[in-house]
Every structure is written in structure tokens, then in C-alpha cells.
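# An overview of the molecular structure
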Amino acid sequence: MVSSMVKVSVILPIYNEEKYLAQCLDSICGQTLKEIEIICVDDGSTDNSTHILKDYAKKDSRITLITQENQFAGAARNKGMACAVGKYLSFLDADDYYAPEMLEKMVKEAEENRADIVMCRYSQCYEGEGMEGNQSDSWEFEDVFLDGHKAFSGRELLCAGIFQIAKGWAWDKLFSREFVRSCGYQFPGFRSSEDGFFVYMLMARAEKIVYRKEEWAVHRIRGGSLSNTKESDWQNGFVMWSMLAKELKEQGLYEIYEQSLINELLYFLLWYLESMKTFQAFSNCYRYIQSEVESEFKIMAYGKDFFFQMEIYDWYKEVMKLSLAEYLFYHRVS
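Described below are features of the structure shown in this document.

### Let's talk about the side chain of Asp-95
Mapped onto the fold, Asp-95 is located in the loop between strand 4 (88-91) and strand 5 (97-98). Contact partners of Asp-95, with chain neighbours within four places excluded, come to Glu-17, Tyr-20, Arg-220 and Arg-222.

Laid out in C-alpha cells, this is it:
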């Protein structure tokens, strides 16, 4: 396809996703928007994913297959971006999938509003751990910070709440390729939590973001997925927030987004700690929060009126006060 005709470059990193890959590719190839290119980056798969990709590439000329040694999803996305020619960029994980009209609708919003970013809502497909099927989240918290806005810059939101209206992942968003190029950001190369820096910094710098409330993406949550096996790379989540704070300061944006960032950081700390499945990882995270996070962000100095959810602030004060043994006793026994 001639590059001037490509509306969206869909970038798909793949690592051992043979079970879900066909559904994912079908959802991309079957988009009502036909002017797309599909850049599949095989990140060193050892299962049948490579064969599936080759079969699809034979059937759909819009698919480009790139292979690399395993370097994780961030590096794969960066390689895909380097090859992209579309006006817009879309990133999908190989176990997730899109509604058929997603890209067409999001491009329409981007064009009509001259938006740097378009984002939509999503449903979640649960597998294992006693939960099955698709479920929608409650979006009441996000609606508070959107405050009726559909097209906006981050600073126009209630409390400049970009961290409250969106998660730091890329697959529910469409990005102007020229905007991404002008900012110069890439995905960090670490194994987990690699989306957040790229996504949030672009949101912080965007002049126009469009938010659609339709659920056009489906995110799969399954036992044993990467999000549940991050214990060996437990520091990555903390590194991501440090990178964000540093870059916001360098861009002169920290004071604008400070309240939003610190509040979401607190929520992240609680979620991240409780998501650790092994005692060693839990212990590492707990001690890191007490020593490094408080030293860097000085959360306790803000005072309770700075925080949106008092129960999370109270939790953080408890972590600062209790030893690991005391915390485990009160929370695991009571």
C-alpha cells in the first residue's frame, strides 16, 4: 500500500501468543477502516506464533513481519514505530483485540478535532483465577476528572487529572505519528511497566486529546500472564514513575500535573505491592516504598487535603509507620 494512503500503522509485538494470536489478528484485519498497515514484530517466539504470523501475512498484504531476538515488548514496539508510515499509530498486545469499528471511529475523531491522541474505553476479558468472561469497569472516577470534557488538553481537566482518566497502557489509544515523532519518546526497554512513560508523557504534552466513552478495545486478563509474573523485575514499576517525574520537570510540566501524578502514584503503590505473589518480591517492594519512594517524592509532606482518596493516603501512612512484620500481621491475620 502506498504510504500516503496508510491512515493507521498498527504495531503488534508478539511473544509466544499462539493461543490468542488469531483472534487478535482477525480483529485487526477485519477493521472497517481498510487503509492500515499491520506491523507484526515477533519478539523471539518459540511456540507456533511465527507460523501463524507467516500464514496471515500470505493472506493479507497489509501485514509486515519483523523478527528479532527476545528483547521484550517495548523494544518490539520501537522497532515497529521505526518502520511505520501511517498518519496515526495504534499499539495492540497480541492477546487483546479490537472492536471492528475501532480504528475507523478513532481516526474520524482525530481528523475532526485535529487531535494528538484519541482514547476510548475498554472491557476486560478474564480467564482463570475464578473469573471468566468479559466485564466492564466502573468509570465513575474517570468521569469526575473528565468533568464533561470530550476534547481537551491535560491541564484543562479537573486537577489536570491525566493520571486519573487513563491507565498507562497504549492499546486503547490512537496517536498522531507526527506528534510522537516531534516529542521523540520511545518505549523503555525493561520487561514490565514499559507503557507508562511513553503514554503519560505524550498525554502531558498533547495540545488536544479526544476521549470516547465507547468500549472499543478488549483487554485480556489471565493467570500467569506477564502482569502477574513481574516479581523478578519488581523495580521496573518504580523506575517508570521516577522517569515520569524527571521528564515532567525537564519539560516544565511537573507543577501542572503534580497533584494528579502523586495521587496516582499512591494508588499504584498499593496495587503494585498487593500484586506481588512471592514473599521476597513483596518484601522488596515494601522496603523500597519506605526508603526510596518517600525519599524521592516526599509524599507525607503534602498533607491529607492533597489526596483524592483518603483511604489510600491512610494506607500509605501505615506503610511508613509499620515494619514489614507488623504490616503482614495486621493485614494477613485480621
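### Let's talk about helix 9 (residues 236-250)
When the terminal C-alpha atoms of helix 9 are compared, their 21 Å separation across 15 residues agrees well with the 21 Å that a helix rising 1.5 Å per residue should span. Within the sequence span of helix 9, burial applies to Asn-236, Gly-237, Phe-238, Met-240, Trp-241, Leu-244, Ala-245, Glu-247 and Leu-248. For helix 9, the elements touching its buried residues are helix 6 (162-165), helix 8 (195-205), helix 10 (254-275) and helix 11 (279-297).

### Here we look at the environment of Lys-298
Looking at the element boundaries, Lys-298 is found in the loop between helix 11 and helix 12 (310-321). Residue class for Lys-298 comes out partly exposed when judged on its relative accessible area of 48%. In this structure the C-alpha to C-alpha distance between Lys-298 and Glu-215, which are 83 residues apart in sequence, comes to 37 Å.

### With respect to the packing of helix 11 against helix 12
Two quantities define a packed helix pair, namely the angle between the axes and the distance from one axis to the other. At a minimum axis distance of 9 Å, the contact between helix 11 and helix 12 shows a crossing angle of 95 degrees. As the angle between them shows, helix 11 and helix 12 are arranged roughly perpendicular. Counting all contacts with helix 11, which are made through Tyr-286, Ile-289, Gln-290, Val-293 and Glu-294, the residues of helix 12 involved are Trp-315, Tyr-316, Glu-318, Val-319 and Met-320. The class makeup of the residues in the contact of helix 11 with helix 12 is seven nonpolar, one polar and two charged.

### Remarks on the pattern of salt bridges
Pairing is possible between side chains of opposite charge, provided their charged atoms come close. For the coordinates displayed, the defined rule picks out 14 salt bridges. Linking Arg-212 and Glu-214 is a salt bridge whose minimum nitrogen-to-oxygen distance equals 2.5 Å. The exposure class assigned to Glu-214 is partly exposed, which follows from its relative accessible area of 30%. Look at the salt bridges and you will find they share partners, linking Glu-109, Lys-150, Arg-212 and Glu-214 into a network.

### Quick look at the pairing of strand 4
Going residue by residue along strand 4, you find Tyr-88 and Ser-90 tucked away on one face and Leu-89 and Phe-91 tucked away on the opposite face as well. Where strand 1 (residues 8-14) lies against strand 4, four bridges are found, and the strand directions are parallel. Looking at strand 4, one finds that Ile-11 is bridged to Phe-91. Relative to strand 9 (residues 173-176), strand 4 is paired through three bridges, and the arrangement is antiparallel. Along strand 9, the bridge assignment pairs Tyr-88 with Ser-176.

### Quick word on the packing of aromatic side chains
Under the definition given, this model contains 32 aromatic pairs. Between Trp-315 and Tyr-316 the ring centres are 6.4 Å apart and the planes differ by 55 degrees, which places this aromatic pair in the tilted class. Look at Trp-315 and you get buried, because its relative accessible area is 6%. Plain terms: the ring middles of Phe-329 and Tyr-330 are 5.5 Å apart, the flat faces sit at 75 degrees to each other, and that makes the pair edge-to-face. Residue classification places Tyr-330 among the partly exposed residues on the basis of a relative accessible area of 46%. Here a set of aromatic residues connected by ring pairs shows up, and it is made of Phe-163, Tyr-200, Trp-234, Phe-238, Trp-241, Phe-268, Trp-271, Tyr-272 and Tyr-288. The ring of Tyr-56 carries the charged tip of Lys-59 above its face, separated from the ring centre by 4.4 Å.

### With respect to the pairing of strand 9
Side-chain alternation along strand 9 places Lys-173 and Phe-175 on one buried face and Leu-174 and Ser-176 on a second face that is also buried. Sheet topology note: the strand 6 (residues 117-127)/strand 9 ladder contains three bridges and is antiparallel. Across the sheet, Val-118 pairs through a bridge with Leu-174, a residue of strand 9.

What counts, and at which threshold
Residues numbered from 1 in each chain as written. Predicted model: local features only at pLDDT ≥ 70, side-chain atom pairs only at ≥ 80, totals over all residues. Heavy atoms only, no water. Helix = DSSP H or I, 4+ residues; strand = E, 2+ residues; numbered from the N terminus. Contact = heavy atoms within 4.5 Å. Expected span 1.5 Å × (residues − 1). Buried < 20%, exposed > 50% of the residue type's maximum accessible area, 1.4 Å probe, protein only. Axes fitted to C-alpha atoms, helices over the stretch in contact; angles between N-to-C directions. Parallel < 35°, antiparallel > 145°, perpendicular 65-115°, else oblique. Nonpolar A, V, L, I, M, F, W, Y, C, P; charged D, E, K, R; others polar. Salt bridge = Lys/Arg side-chain N within 4 Å of Asp/Glu carboxyl O. Pairing = 2+ DSSP bridges. Phe/Tyr/Trp six-rings, centres within 6.5 Å; stacked < 30°, edge-to-face > 60°. Lys NZ or Arg CZ within 6 Å of the ring centre and 35° of its normal.

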